[in-house]
Amino acid sequence: MRHLALAALLAATFTALPAYADDNEASGQMVVLKASQIGQIFCLSRLGNDEAVIEGILTDDLKQAIKTAEDKNDAWAKKNPDEKPPLGDGLGWQSQPDYADTCDIGLVTLSKTDAKIEIKYTYKDYPDGNYADTLILKKVPIDGMDVGYWRIDDVIFPDGTDMKASLVSAFDTY
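From a predicted model like this one, the values you see are computed outputs, not experimental measurements.

Peer 1: When you look at helix α4 (residues 60-79) in this model, what are you seeing that I'm missing?
Peer 2: The α-helix winds at 3.6 residues per turn, so residues separated by three or four positions along the chain end up facing the same way. A rise of 1.5 Å per residue sets the reference length of α4, with its 20 residues, at 28 Å; its end C-alpha atoms lie 29 Å apart and thus fit the reference within 8%. Contacts from the buried residues of α4 go to β4 (148-156) and α5 (163-169).

What follows is the structure, encoded as structure tokens:
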């Protein structure tokens, strides 16, 4: 059932961005995804282990950081074919590697150009393991319009580190 919901949201994401609502069509006002909706899409990607869901809603900076890390990881793997590469478990989208039972958005803090969304992970059988990361969004302006698209720019972990820095530091000891 979870995969069906993920597939439906994925299809809607790629077909409905951007969309014009009937009430706004006459005025030409564009309807874009809200920051909280980006958080919900992010949660679906984490529960479904499907990064394709969020590939289209990343900032260029985060896309570049990921590409650089993946290129370094590939080069490292070629030099060390018998060892697990630094990104052998995938990209560090969350502070804990275990799959949580649920992922929900919590507090959403908005400013004109940035948003912070609390991403809460919970475990049914181990509530002491529950934790929250913070999704960082940047508003990417749309030329000639008063609105912008929210895009995922980073993930801040409870210990104060972040995904972008982790992508760089993964190769520090090698």
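Peer 1: Which parts of the structure should I look at to understand the state of the cysteines?
Peer 2: A covalent bond bridging the sulfur atoms of two cysteines is what the word disulfide describes. Scanning the model with the defined rule gives one disulfide in all. Disulfide pairing places Cys-43 opposite Cys-103 at an S-S distance of 2.2 Å. Handedness here is read from the sign of the S-S torsion; for Cys-43 and Cys-103, about -65°, the answer is left-handed. With Cys-43 in helix α3 (residues 35-48) and Cys-103 in strand β1 (residues 102-110), this residue pair connects regions lying 60 residues apart in the sequence.

Peer 1: Would you take a moment to explain the pairing of β4 for this structure?
Peer 2: Looking along a regular strand, one sees side chains alternate from face to face of the sheet. For β4, a buried count of eight out of nine residues is recorded, marking the element as mostly surrounded by other parts of the structure. In sequence, strand β3 (residues 131-141) turns back onto β4 through a hairpin of six residues, with Gly-144 there showing a positive phi of about 75°.

Peer 1: Which parts of the structure should I look at to understand the side chain of Asp-153?
Peer 2: Following the sequence through the fold, Asp-153 ends up in strand β4. Here Asp-153 falls in the buried class, since its relative accessible area comes to 8%. At a separation of 3.1 Å, a polar atom in the side chain of Asp-153 contacts the side chain of Lys-164. Excluding its chain neighbours within four sequence positions, the residues that come into contact with Asp-153 are Thr-59, Asp-61, Leu-62, Ile-136, Leu-137, Lys-138 and Lys-164.

Calculation criteria
- Residues numbered from 1 in each chain as written.
- Predicted model: local features only at pLDDT ≥ 70, side-chain atom pairs only at ≥ 80, totals over all residues.
- Heavy atoms only, no water.
- Helix = DSSP H or I, 4+ residues; strand = E, 2+ residues; numbered from the N terminus.
- Expected span 1.5 Å × (residues − 1).
- Contact = heavy atoms within 4.5 Å.
- Disulfide = S-S within 2.5 Å.
- Buried < 20%, exposed > 50% of the residue type's maximum accessible area, 1.4 Å probe, protein only.
- Pairing = 2+ DSSP bridges.
- Polar contact = N/O pair within 3.5 Å; in protein donor to acceptor, adjacent residues only side chain to side chain.

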